[in-house]
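# A look at the structure
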Amino acid sequence: MIDSLYIAWQYVRWNRGKTLVLITSITLIAFLPLALQIVLQESEHQLQSRAVNTPLLIGAKGSALDLVMNSLYFDDEAPQAINMQAVGQVEDTDLAQAIPLYVRFQSRGFPIVGTSLDYFDFRQLQIEQGRMYAFLGETVIGADVAERLAVVPGGSLVSSPDNLFDIAGVYPLKMKVSGVLARSHSPDDLAIFVDLRTAWVIQGFGHGHQDLVKSRDATVILNQDEKTVTANAKLLQYTEISEDNIDSFHFHGDESIYPITAVLAQPHDDKSSALLRGRYLDDIVYQVVKPDDVIEGLMENIFRIKNVINAVIFIVGIATVLTIVLVFILSLRIRRDEMNTIFRIGCSRMTTMRLLAAEILIILLASALLCTALLWLVKINSGGLVRSFIL
Amino acid sequence: MITIESLKFSYANSSFRLNVPDFTVVKGEKLAVIGPSGSGKTTMLNLIAGIIVPENGNINVAGTAVSQLPDAGRRDFRISNIGFVFQNFQLLDYLSVMDNILHPYRISKALDLNKTVHKRAIELAQQMGIADKLLCHPDQLSQGEQQRAAICRALLPQPKLILADEATGNLDPENKMLILDMLFNRVDEDDSTVLAVTHDYELLSRFDRVVDFHEFYGVGA
Amino acid sequence: MKSKTCCVAVQGRKMFDKFLTPCCLIVACVLSFSTARADDKFEIYTVNYPLQYFAQRIGGQHVNVKFPAPADVDPAFWMPDVKIIGDYQQADLILLNGAGYAKWVSKVSLPRRKLVNTSSIFKDDYIKIDSEITHQHGPAGDHSHAGIAFTTWLDFTQASRQAEKIAAAMKNARPGLAEEFEQNFKQLNHDLMQLDARMSELSSLQPAQPLLASHPVYQYLSRRYELNLKSLMWEPGVYPEPAEWQVLNLILRRHEAEWMLWEDQPIEKTQKQLSASGVDVVVFSPCMNRPQKGDFMTVMQANIDALADVFSD
């Protein structure tokens, strides 16, 4: 057999172009469904584990999926906003701990998550560098954000404008990075966390004042008389909360009507959970969802799609296998002289078959190895792949 | 070396008939077989080699009744006792010259590939003047060099009988002589017998005996 | 020489084995035990002294109540630094006064779950202040009393409700100690109700008696105990401007007060000038920061004792 393998190896090596095409075809046809399976399993694992660990979400009536995807995975499709009253309502029931979430803005492609510090305890997120945000305008960033944007504590990030064509829109906020979170292998690694009030500052609800009378930049001032100083649009290109102006920062109106996208409710026990859900059954403004149920529904749909894809891959697989068989038959025809010669020399038909089998074995083995290596790569990177491209 | 008695052979669905009442080749003889195409020269070689078996009659090669052997026995006998040299060399392009020479040892259990065989292969190649081409592939060799490699392959198992089927047909006149000399020298050393089918009449003088197959044995349609 | 050293070393090791090892073990045990106890303590941070006092009374030995503002600042207008905010973030409970007290709270990030607004229960009863006058005193710089009156605890019934909220939060956080907290709260509530009873009794002696306040911090005291009080914007350490004396004289024409309530003893010059205008000084400390002597209860008792002279006149 070793001699057969040697001869077969020489053959596949000599015909490396054909061999490569065969190996690639076989590898792909095996790799695609298996890789899809791994990615889907990882997606399911990530979606489910986060969903299971998030007892209840309360948000505006509408798409439950949008609410869950935005609140758990910081999807940029923000659900309709509710207001802070919703948080108070949950707290007043004494049935659950309420954590507000406002996921609407972005900075350099990463979501800005406005929340309270309780979120970090809830998700068991630890600070790895720097410290937790303390003042308005400070931010703590996920490990992947820090890595990809090469930002460290002491650096800054500027929020992206909500709408490029919003002439009356607010200035972006320059946020000071106070800390970087330890990697949690979750969507939190890809998020920029700020205090809820900082998110409201980004939206323009809270603001400070620049002292124009003391301004050194004369071009900022449009008009000045004894009573009034009028500034032009050059006044600020972005807002920044600093030690100098933090005292002047204030919020207008009642905080309870300020927007959030969801309330993450942590019921004290199963009974509290059931009671809390019951209270929102007939509510016309809010919906309460169990992320686990929503994700389960989503996964069912995904698996249905996966089955269709697998069926397609199966058919393509059959076509590929037939093609490979054809390639071998044609190859045999081309090699008829060679087969005849070795037969005349004294080789049995069985040995001829063994030579062919060895060639197939080498090709299958190489495909299996390549496929395993690719699958291993997909497996070890599946977490990141899923977080970056799917969630 | 070869004794054939009352041999009859025909192909299915063909009017071709071969009748050989009596045919003998003595040990160490260099016999040239001539005759027109279709006269049964190659069929005769195949019968002697045990690739095909006759309907009637006996073929005895080196004391073995080849036609009486089973398939596997004929194969083992062939690879151990008969060296084939073909017109178009029939080297395998994906193997190096060395691997081509050693090929019979790799495809049959009847031959044992060991260090001595390797050594002998190198010696043969040196004798045939292709020692520096052993690592090359056939497509890197000239026609003459390719045939020399094919002869090495045929001679390596030290066969008692060499069957050459138009072995010089694809070579230029200079190479024909050279290669025939090389083959005969080695055959003399090994005390082997040569049965060569050829159309090259100018080479016939180098053989001990010439048999016109058509005139004596071939019965065409 | 070598063997001698060796001998000493061996003896030393034997001594260590005999005596030092057990001693070290005992010390280590005691230390680890005491560390464990300290770690076990419930850590509470507050935004003013009255809340610290209430929490400490209720929690007793089981709590470690901290109010990290320096003694010389007005906690209502203080701004903690990053390190102190970090300490607040790490606390088990953070007691807020509510009513807009400690504006810094709205400019920093604190864990919502740990926040307890002690006055939320009576938020509908907050007193709104219309006037907005900015003034400066102490290291906190410019500040304003506009918005909501925040010295809620000077109405002792409100103080009691704040204490009740603290007790509830503490019981919730440490259910195992609920009974003890409840007992301690009852004792505190009893003391606060006694203060309330004394204040009510005193103020009822001369209900319409005109009074002045050097600073607008007595709104809840005034409302609960029906004091006929008008506030100025004077500081104990600063001699008022002539214009401010004019304002006083104008007020005195329609509001014939003979006493002015001060957060702290004013400087002598101010005191003399007030006497000249027929106004005596009475110190009623809101006790926002920890007192130099005594505690919240003794300070309030001293306040009421001082008012006894006012109402017995």
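Cut-off values and rules
Residues numbered from 1 in each chain as written. Chains lettered and ligands numbered in written order. Predicted model: local features only at pLDDT ≥ 70, side-chain atom pairs only at ≥ 80, totals over all residues. Helix = DSSP H or I, 4+ residues; strand = E, 2+ residues; numbered from the N terminus. Buried ≥ 20, exposed ≤ 12 C-beta atoms within 10 Å, placed from the backbone. Contact = placed C-beta atoms within 7 Å. Pairing = 2+ DSSP bridges. Axes fitted to C-alpha atoms, helices over the stretch in contact; angles between N-to-C directions. Nonpolar A, V, L, I, M, F, W, Y, C, P; charged D, E, K, R; others polar. pLDDT = per-residue confidence, 0-100. Arc of directions from axis to C-beta. Core = buried A, V, L, I, M, F, W, Y, C linked by C-beta atoms within 7 Å. Right-handed = clockwise from strand over helix to strand, strands pointing away.

### Quick look at the overall build of chain C
- Counting its secondary structure elements, chain C contains nine helices and 12 strands.
- Taken over 313 residues, chain C has a buried fraction of 38%.
- Summarising the internal contacts of chain C: among those between residues at least 6 apart in sequence, 58% fall at separations of at least 24.

### Focus: the overall build of chain B
- Counting secondary structure elements, chain B contains seven helices and 10 strands.
- Split into buried and exposed, the 221 residues of chain B put 47% on the buried side.
- Expressed as a percentage of contacts within chain B between residues at least 6 apart in sequence, the contacts between residues at least 24 apart total 76%.

### Details of the sheet that holds strand 11 (residues 259-262) of chain C
Residues and elements named next belong to chain C.
- The strand order across the open sheet formed by four strands is 10-9-11-12, and the pairing between neighbours is parallel. Both edges of this open sheet fall to strand 10 (228-231) and strand 12 (280-283), since each of them pairs with a single strand only. Within the sheet, the average angular offset between the axes of one strand and its neighbour, ignoring direction, is 30°.
- Sheet topology places strand 9 (residues 210-213) next to strand 11; two bridges connect them, and they run parallel.

### Details of the interface of chain A and chain B
- Tallying the contact residues gives 17 residues for chain A and 16 residues for chain B.
- Classifying every residue of the side of chain A that touches chain B gives seven nonpolar, six polar and four charged.

### A closer look at the interface of chain A and chain C
- Listed by partner, the interface residues are 13 residues for chain A and 11 residues for chain C.
- The class makeup of the residues in the side of chain A that touches chain C is eight nonpolar, two polar and three charged.

### Here we look at the confidence of the model for chain C
All names here are of chain C.
- When pLDDT is averaged along chain C, the result is 83, and 81% of the positions lie at 70 or above.
- Low pLDDT, under 50, characterises residues 1-39; the stretch is placed with two contacts to residues that sit more than four places away or in other chains.
- Here residues 132-143 is a poorly scored stretch, pLDDT under 50, and it has 20 contacts once near neighbours within four places are set aside; other chains count.
- The ipTM assigned to the predicted complex is 0.83, against a pTM of 0.69.

### Details of the confidence of the model for chain B
- Per-chain confidence: chain B averages 86 in pLDDT, with 97% of residues scoring 70 or above.
- At the low end of the mean pLDDT range in chain B sits strand 10 (residues 218-219) of chain B, at 47; at the high end sits helix 3 (residues 97-107) of chain B, at 92.

### Considerations on unusual backbone geometry
All names here are of chain B.
- Not every positive phi belongs to a glycine, and Ser6 is a case in point at roughly 50°.
- Along the chain, Ser6 falls in strand 1 (residues 2-10).
- The phi angle at Glu166 is positive, at roughly 55°, despite the residue not being glycine.
- Take Glu166: it is sitting in the loop between strand 7 (161-165) and helix 6 (173-190).
- A residue is classified by how many C-beta atoms lie within 10 Å of it, and Glu166, with 17 of them, is partly exposed.

### Side note on the environment of Ile82(B)
- With respect to the helices, strands and loops of the structure, Ile82(B) is situated in strand 6 (residues 82-85).
- Taking the C-beta count within 10 Å as the criterion, Ile82(B) has 28 such neighbours and is therefore assigned buried.

### Points about helix 10 (residues 336-345) of chain A
Residue and element names in this part refer to chain A.
- Those residues of helix 10 that fall on the buried side of the exposure criterion are Thr341, Ile342, Arg344 and Ile345. For helix 10, the arc enclosing every buried residue in end-on projection is 160°, short of the 170-degree limit, so these residues lie on one face.
- Where helix 10 ends, the next residue or the one after it, Gly346, has phi of about 140°, a positive value.

### Some points on the environment of Ile82(A)
Residue and element names in this part refer to chain A.
- With respect to the helices, strands and loops of the structure, Ile82 is situated in strand 2 (residues 82-83).
- On the neighbour-count criterion, Ile82 (23 C-beta atoms within 10 Å) is buried.
- On a C-alpha basis, the gap between Ile82 and Tyr286 in space is 8.0 Å, while along the polypeptide they are 204 residues apart.
- Each residue touching Ile82, except ones within four places of it in the same chain, is listed here: Gly59, Ala60, Ile260 and Tyr286.

### Points about the nonpolar core
- Core analysis: the largest hydrophobic core is formed by 143 residues, its most contacted members being Val263(A), Ile58(C), Leu95(C) and Ile166(C).
- Setting aside residues no more than four positions away along its own chain, Ile166(C) makes contact with Leu51(C), Phe54(C), Ala55(C), Ile58(C), Leu95(C), Val116(C) and Thr118(C).

### Here we look at the pairing of strand 11 of chain C
All names here are of chain C.
- Residues Trp259 and Leu261 of strand 11 are buried on one face, and the alternating residues Met260 and Trp262, pointing to the opposite face, are buried as well.
- Strand direction decides the pairing type here: strand 11 and strand 12, joined by four bridges, are parallel. From the neighbouring strand, Trp259 faces strand 12, where its bridge partner is Asp280.
- On the question of chirality, the crossover connecting strand 11 to the parallel strand 12 by way of helix 8 (residues 268-276) is right-handed.

### Details of the sheet that holds strand 1 (residues 42-46) of chain C
Residues and elements named next belong to chain C.
- One open sheet holds the four strands; their spatial order is 2-1-3-4, and the pairing between them is parallel. Edge positions in the sheet fall to strand 2 (63-66) and strand 4 (115-117), since each has one partner strand and no second. Ignoring strand direction, the axes of neighbouring strands in this sheet form an average angle of 25°.
- By the bridge criterion, three bridges tie strand 1 to strand 3 (residues 93-96) in an arrangement that is parallel. Bridging across to strand 3, Thr46 finds its partner in Leu95.
- Against the sheet, helix 2 (residues 49-59) makes contact with strand 1, strand 2 and strand 3, and its axis sits at roughly 175° relative to strand 2, the strand it touches most.

### Overview of the environment of Pro153(A)
Residue and element names in this part refer to chain A.
- Inspection of the secondary structure assignment puts Pro153 in the loop between helix 6 (143-149) and strand 7 (156-158).
- For the pair formed by Pro153 and Ser178, sequence separation is 25 residues and the distance between their alpha carbons is 4.9 Å.
- Ignoring any residue separated from it by four or fewer positions in sequence, one finds Pro153 in contact with Gln129, Gly130, Val177, Ser178, Gly179 and Val180.

### Things to note about helix 3 (residues 64-73) of chain A
- Within helix 3 of chain A, eight of the 10 residues are buried, which leaves it mostly tucked inside the rest of the structure.
- All of the buried residues in helix 3 of chain A are Ala64(A), Leu67(A), Val68(A), Met69(A), Asn70(A), Ser71(A), Leu72(A) and Tyr73(A).

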